[in-house]
Amino acid sequence: CGDGPGGRWLRACGSPRPFALATDMLSDFCLHQGSVQATVVRSSHYTQSEPSSHPAGLRGPVIDRGEYRCRITLTDEPSAVEALAEEFEFTPAVQMTWSR
């Protein structure tokens, strides 16, 4: 069918084993011959080949050098995928629990 723009999650419910995928990266999704394909990392054709210096403590991913950081969750509960994707964007700082 071709790539379609993705977002934070994908829900595949039309099979005997439904599943869902949540990610914190922008991606594309495609339905091809009955299988779901997800592009979770996409880069430009041209990259920076020379080393670059970073101040101590300020090291992070540099997309032009092929460095990526992402989180992906695959679940068999499609109804929970929106909440899982939201946790990637707004990570809980405190979790309160009660004994039963």
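Sequence order as written defines residue numbering, which begins from 1 separately in each chain. For a predicted model such as this one, the threshold for reporting local features is a pLDDT of at least 70, and the threshold for listing and counting side-chain atom pairs is 80 or more; totals across whole chains, interfaces and linings nevertheless cover every residue. Side-chain descriptors were evaluated using all non-hydrogen atoms of the structure, hydrogens and water having been removed beforehand.

Visitor: Just to check I follow, could you spell out the overall build of the protein for this structure?
Guide: Summing up its helical and strand segments, the protein has 1 helix and 6 strands in all. Strands are runs of DSSP state E lasting at least 2 residues, helices are runs of H or I lasting at least 4, and numbering of each runs from the N terminus. Secondary structure elements in the protein, listed N-terminal to C-terminal, are β-β-β-β-β-β-α. Classification of residues uses two cut-offs on accessible area relative to the type maximum, computed with a 1.4 Å probe and protein chains only: under 20% is buried, over 50% is exposed, and between them is partly exposed. Every one of the 100 residues in the protein was classed for burial, and the buried ones make up 17%. Residues count as neighbours in contact if any of their non-hydrogen atoms are within 4.5 Å of one another. For the protein, the proportion of contacts with a sequence separation of at least 24, taken over those separated by at least 6, is 48%. Accessible surface is estimated by sampling points in the Shrake-Rupley manner with a 1.4 Å probe; for residues, cover comes only from the protein chains shown. Entry remark: accessible area of the protein is about 8,000 Å², with carbon and sulfur atoms responsible for 54%.

Visitor: What is the right way to look at helix α1 (residues 81–89) in this model?
Guide: For an α-helix the count is 3.6 residues per turn, leaving residues at separations of three or four pointing the same way. Taken together, the buried positions of α1 are occupied by V81, A85 and F88. Down the axis of α1, the smallest arc covering the buried residues is 50°, so these residues share one side. Contacts from the buried residues of α1 go to β2 (9–12), β3 (19–23) and β6 (72–75). Directions are taken from the helix axis to each C-beta atom, and the arc is the one they span.

Visitor: What exactly am I supposed to notice about the pairing of strand β5 (residues 35–39) here?
Guide: In the sheet, strand β4 (residues 28–32) pairs with β5 via 5 bridges, with the strands oriented antiparallel. If you follow D28 over to β5, its bridge partner there is T39. Taken together, β4 and the strand that follows it, β5, pair antiparallel across an intervening segment of 2 residues, in which Q33 is found at a positive phi of about 50°. Pairing between two strands is assigned when DSSP locates at least 2 bridges connecting them.

Visitor: Looking at this structure, how should I read the pattern of salt bridges?
Guide: Pairing between side chains of opposite charge can happen when their charged atoms approach one another. Here, a salt bridge means any Lys or Arg side-chain nitrogen found within 4 Å of an Asp or Glu carboxyl oxygen. In total, this model carries 3 salt bridges according to the counting rule given. One salt bridge in this structure joins E89 and R8, with 2.6 Å as the shortest N-O distance. With E89 in helix α1 and R8 in the loop between β1 (4–5) and β2, this pair connects stretches of sequence that are 81 residues apart. Using a relative accessible area of 47% as the deciding quantity, one classes E89 as partly exposed.

Visitor: Help me out: how do you make sense of the sheet that holds β1 in this one?
Guide: Each strand in a sheet pairs with its neighbour through backbone hydrogen bonds, running either in the same direction (parallel) or in the opposite one (antiparallel). Across the sheet, which stays open at both edges, the 3 strands sit in the order β1-β4-β5 with antiparallel pairing between neighbours. Edge positions in the open sheet fall to β1 and β5, since each of these has one partner strand only.

Visitor: Would you explain the nonpolar core in this entry?
Guide: Soluble globular proteins tend to pack their nonpolar side chains together in the buried interior. If you look at the biggest cluster of nonpolar residues, it comprises 5 residues: A20, A22, V81, A85 and F88. Taken together, the elements giving at least two residues each to this core come down to β3 and α1. For this core, the element with the highest residue contribution is α1, accounting for 3 residues. Nonpolar cores were defined as sets of buried Ala, Val, Leu, Ile, Met, Phe, Trp, Tyr and Cys residues, with membership established by side-chain atoms within 4.5 Å.

Visitor: Is there a simple way to think about the sheet that holds β6 in this case?
Guide: Spatially, the 3 strands line up as an open sheet ordered β2-β3-β6, and their pairing is antiparallel. Every interior strand has two partners, whereas the edge strands, β2 and β6, have only one. Within this sheet the neighbouring strands show an average axis-to-axis angle of 10°, counted without direction. Where β3 lies against β6, 4 bridges are found, and the strand directions are antiparallel. In the sheet register, L21 faces β6, and the bridge partner there is L74. Packed onto the sheet, α1 meets β2, β3 and β6 and runs at close to 15° relative to β3. To get an axis, a line is fitted to the C-alpha atoms, and for a helix only the part in contact is used. The angle between two axes follows their N-to-C directions and goes from 0 to 180 degrees.

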